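# Examination of the molecular architecture
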Amino acid sequence: MLHAAPDTAQLREPVGTPAPRGELSAVLLGALSGPPFALPADLEIPGGDPLSDDDLHLALYLAYELHYRGVPGADERWEWDPSLLALRARLEERFERALVEAVPCDDPPVAPDEIDLALRGVAEADRGRSLSAYVEREATVEQVREFAVHRSAYQLKEADPHSWALPRLSGPPKAALVEIQADEYGGGRTERIHAELFARTLDALDLDSRYGAYLDRVPGVTLATVNLMSLFGLHRRLRGAIVGHLALFEMSSSVPNGRYARGLRRLGFGEDATAFFDEHVVADAVHEQVAAVDLAGGLVRQEPALAGDVLWGARVLAELERRWGDRVLDAWEAGATSLRRPLANAGA
Amino acid sequence: MPEHAPVTITPYRDGPLLVRGPVQLEDMHGNPIPVGRETVALCRCGKSRIRPFCDGTHKVVRFRAPTGAEDGRG
Ligand code: FES
Ligand SMILES: [Fe+2]
Ligand SMILES: [Fe+2]
């Protein structure tokens, strides 16, 4: 597959109508293609693991995508359709309950000046196997391409879910979030937008950089990591959690991104492929301080009762990333694909 | 940032110095070191692979330093 280099001036419209992964996503996809109508209030919520179920997370992902770049072929009026929002709420409830079960919300109170230390504690307690170390030392080209496909579900809209928090903040934490997001959005320069840099990485790996191109290949365990950010970002009551999520995300970024870049160079890839990762080494060294101290600390200074939510949001991120990383590494160690279907070979 | 606002340099606890404001970074020969962003993190643990910038290695080496000034008597 060869893909024309993307023109950054073009509208990056989402592509590809996703295939259903079960009854619920089939009903939803069928409905989205026409004008809104009242979806039945008793559609059955899939009974699989709410932290990774394919049908549940595709349905939730599509419900959220209506608020981002849209779902190809969908009638845009579905975005605010009450019956769709009611379904989304039921999916969110199942997901959130499972998150609370997996990661209890039981942190003792933390002072604003200590929140960066508490977040660091969360980062250091994370004993997940290191995907980045694997990529640095031993991943094959095919595995690196799979890694990029997983990440494309988020990186092509990088930073957008956290931007939902902006209107919910004021004063110092708002300024801190803007300081971070300005960088994420390239300081106002299109070609420096982190999502655009990631599209370049996909191109360099001979992958399709169009938004949504690999949705069908990405498993529920990966979609859950993206749905998590939308859940936290779209609910004002979870503003502490989205802040904690961003803080831990930034705090666990510079070092792994350095490893990903070295892994790509080991495999012979050049600047086009590594620019995204190299940029994140430098940018996130700034962001981790701003996010932990100024954003999280600033929010907790204003609203001390949110300290627990901030730490919970961070712990939940670590938990879902660990589950995702395990799934990918387990598959690779078994010589299998980590995606729902393997990719065509590069250059094929 | 308006021109009259002072440049600030903030030591973050156990981490880098964050520099905010319009600054020019140069090597000792006067050659510019491109910065490319509004806020920069300068390594103060000495272990970064991209000095003078921070690359997060301070966490790996468990660098410890206060955010305020040290008095040299500790
Ligand atoms: S202060 Fe961050 S790497 Fe040295
Ligand atoms: Fe980024
Ligand atoms: Fe960042």
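To be clear, the structure that these remarks concern was listed above.
About the criteria used
Just so you know, the residues in each chain are numbered from 1, in the order the chain's sequence is written. Lettering of chains starts at A and numbering of ligands starts at 1, both following the order in which they are written. Under the rules for a predicted model, residues below a pLDDT of 70 receive no local features and side-chain atom pairs below 80 are neither given nor counted, while totals for whole chains, interfaces and linings still include all residues. Each side-chain value is worked out from all heavy atoms of the structure, with water and hydrogens disregarded. The helix and strand labels rest on DSSP assignments: H or I over at least four residues marks a helix, E over at least two residues marks a strand, and numbering proceeds from the N terminus. Two residues form a contact once any of their heavy atoms are found within 4.5 Å. In this setup the radius of gyration rests on C-alpha atoms only. A globule is expected at 2.2 Å times the number of residues raised to 0.38. Categorising residues by exposure relies on relative accessible area from a 1.4 Å probe, with only protein chains included: less than 20% of the type maximum marks a residue as buried, more than 50% marks it as exposed, and the intermediate range marks it as partly exposed. For the accessible areas, the method is Shrake-Rupley and the probe is 1.4 Å, while residue cover comes only from the protein chains on display. Charged-residue counts in this description rest on Lys and Arg as positive and Asp and Glu as negative, His and the chain ends being excluded. Where a charge lies is defined by one atom per residue type: Lys uses NZ, Arg uses CZ, Asp uses CG and Glu uses CD. Two parts placed together each lose some accessible area under a 1.4 Å probe, and the buried area is that loss summed for both. Whenever Lys or Arg places a side-chain nitrogen within 4 Å of a carboxyl oxygen from Asp or Glu, that contact is recorded as a salt bridge. In protein, a polar contact means a hydrogen-donor-capable atom and an acceptor-capable atom, both N or O and within 3.5 Å, with residues adjacent in sequence counting only if both atoms are side-chain atoms; elsewhere, any N or O pair within 3.5 Å suffices. For Na, K and Ca the donor cutoff is 3.2 Å, while for all other metals N, O and S atoms count as donors only within 2.8 Å; water does not appear among the atoms, so some sites may look incomplete. In these descriptions, tetrahedral denotes four donors with every angle between 85 and 135 degrees, square planar four donors and octahedral six donors with opposite donors over 155 degrees apart and the rest between 65 and 115, and irregular any other case. The criterion for an aromatic pair is that two Phe, Tyr or Trp rings (for Trp, the six-membered ring) have centres within 6.5 Å, with stacked assigned to planes under 30 degrees apart, edge-to-face to planes over 60 apart and tilted to the rest.

This brings us to the overall build of chain B. Each helix and strand in chain B was counted, giving 1 helix and 3 strands. In chain B, the succession of α and β elements from N to C terminus is β-β-β-α. Dimensions of chain B along its principal axes, counting C-alpha atoms only, are 35 × 30 × 20 Å. Considering only residue pairs separated by 6 or more positions, chain B has 29% of its internal contacts joining residues 24 or more positions apart.

Before going further, it helps to spend a moment on the overall build of chain A. Looking only at helices and strands, chain A has 14 helices and 0 strands in total. The N-to-C order of helical and strand elements in chain A reads α-α-α-α-α-α-α-α-α-α-α-α-α-α. In terms of overall size, chain A behaves like a compact globule, its C-alpha atoms giving a radius of gyration of 19 Å where 348 residues would be expected to give roughly 20 Å. C-alpha extents for chain A along the principal axes are approximately 55 × 55 × 40 Å. Split into buried and exposed, the 348 residues of chain A put 57% on the buried side. Considering only contacts in chain A between residues 6 or more positions apart, those separated by 24 or more positions represent 83%. Summed over all atoms, the accessible surface of chain A reaches about 13700 Å², with 53% contributed by carbon and sulfur. Of note, chain A has its 36 positive side-chain charges centred 1 Å away from the centre of its 55 negative side-chain charges.

Attention now moves to the interface of chain A and chain B. Facing 23 residues of chain A, the contacting portion of chain B comprises 22 residues. Summing both sides of the interface, chain A and chain B together bury roughly 1700 Å²; the carbon and sulfur share of this comes to 46%. It is Arg120, Val286 and Gln289 of chain A in chain A that bury the most area against chain B; as a group they hold 27% of the surface buried on that side. At the junction of chain A and chain B, the tally comes to 8 salt bridges. Here arginine 120 of chain A ties to aspartate 14 of chain B by a salt bridge, and the two come within 2.7 Å at their closest N and O atoms. Taken together, chain A and chain B are joined by 11 residue pairs in polar contact (both at pLDDT 80 or more). At the level of secondary structure, the elements contributing two or more residues to the side of chain A that touches chain B comprise α4 (115-125), α8 (171-184), α12 (254-266) and α13 (271-302) of chain A.

As a further point, take the pattern of salt bridges. Residue and element names in this part refer to chain A. Taken as a whole, this structure holds 37 salt bridges over all chains when the rule is applied. Here aspartate 49 ties to arginine 323 by a salt bridge, and the two come within 3.9 Å at their closest N and O atoms. Pair noted here: aspartate 49 is in the loop between α1 (23-32) and α2 (54-65) and arginine 323 is in helix α14 (residues 307-333), with a separation of 274 residues, a long-range link. Judged by its relative accessible area of 26%, arginine 323 is partly exposed. With a shortest N-O distance of 3.4 Å, aspartate 326 and arginine 322 are connected by a salt bridge. Here arginine 322 and aspartate 326 lie together in helix α14, a separation of 4 residues that amounts to about one turn. Accessibility expressed as a relative area gives 32% for arginine 322, which makes it partly exposed. The network of salt bridges with common partners includes Asp49, Arg129, Glu319, Arg322, Arg323, Asp326, Asp330 and Glu333.

Residues and elements named next belong to chain A. All of the protein donors around the iron ion (ligand 3) are Glu184 (OE), Glu250 (OE), Glu250 (OE), Asp284 (OD) and His287 (ND1); their distances to the metal are 2.0 to 2.5 Å. Mapped onto the sequence, the residues coordinating the iron ion (ligand 3) show the spacing E-x65-E-x33-D-x2-H. Metal-to-metal, the separation of the iron ion (ligand 3) and the iron ion (ligand 2) is 3.8 Å; glutamate 184 coordinates the two. Here glutamate 250 is found in helix α11 (residues 239-251), whereas its partner histidine 287 is found in helix α13, with 37 residues between them in sequence.

Turning to the coordination of the iron ion (ligand 2), a few remarks are in order. Residue and element names in this part refer to chain A. Those donors, Glu158 (OE), Glu184 (OE), His194 (ND1) and His280 (NE2), are the protein atoms that reach the iron ion (ligand 2), and they lie 1.9 to 2.1 Å from it. Angles of 82 to 173° at the metal separate the 4 donor atoms of the iron ion (ligand 2), which places the site in the irregular class. When the donors of the iron ion (ligand 2) are listed by position in the chain, the intervening gaps give E-x25-E-x9-H-x85-H.

What follows concerns unusual backbone geometry. The residue after arginine 51 of chain B, namely proline 52 of chain B, is reached through a cis peptide bond having omega 10°. Along the chain, proline 52 of chain B turns up in the loop between β3 (39-42) and α1 (57-60). One non-glycine residue, alanine 159 of chain A, lies in positive phi territory at about 80°. For alanine 159 of chain A, a relative accessible area of 1% corresponds to the buried category. For aspartate 14 of chain B, which is not glycine, the phi torsion reads 60° and is therefore positive. Turning to its location among the elements, aspartate 14 of chain B is positioned in the loop between β1 (8-11) and β2 (17-20). Look at aspartate 14 of chain B and you get buried, because its relative accessible area is 9%.

Once that is clear, we can look at the environment of glutamate 333 of chain A. Residues and elements named next belong to chain A. Secondary-structure assignment places glutamate 333 in helix α14. Measuring from C-alpha to C-alpha, the distance between glutamate 333 and valine 221 comes to 18 Å, with 112 residues separating the pair along the chain. Side-chain polar atoms of glutamate 333 contact the side chain of arginine 129, separated by 3.3 Å.

Residues and elements named next belong to chain A. All chains considered together, the criterion is met by 11 aromatic pairs over all chains. Centroid distance phenylalanine 276 to phenylalanine 277: 5.0 Å. Interplanar angle 85°. Geometry classified as edge-to-face. In this pair, the class of phenylalanine 276 matches that of phenylalanine 277, namely buried. Ring-pair connections join several aromatic residues into one group, and the members of that group are Phe147, Phe198, Tyr260, Phe276, Phe277 and Trp324.

A few words now on the environment of leucine 62 of chain A. All names here are of chain A. Position of leucine 62 among the secondary structure elements: in helix α2. For the pair formed by leucine 62 and serine 25, sequence separation is 37 residues and the distance between their alpha carbons is 8.6 Å. Once residues within four sequence positions are removed from consideration, leucine 62 is found in contact with Pro18, Leu28, Leu29, Leu32, Val71 and Leu215.

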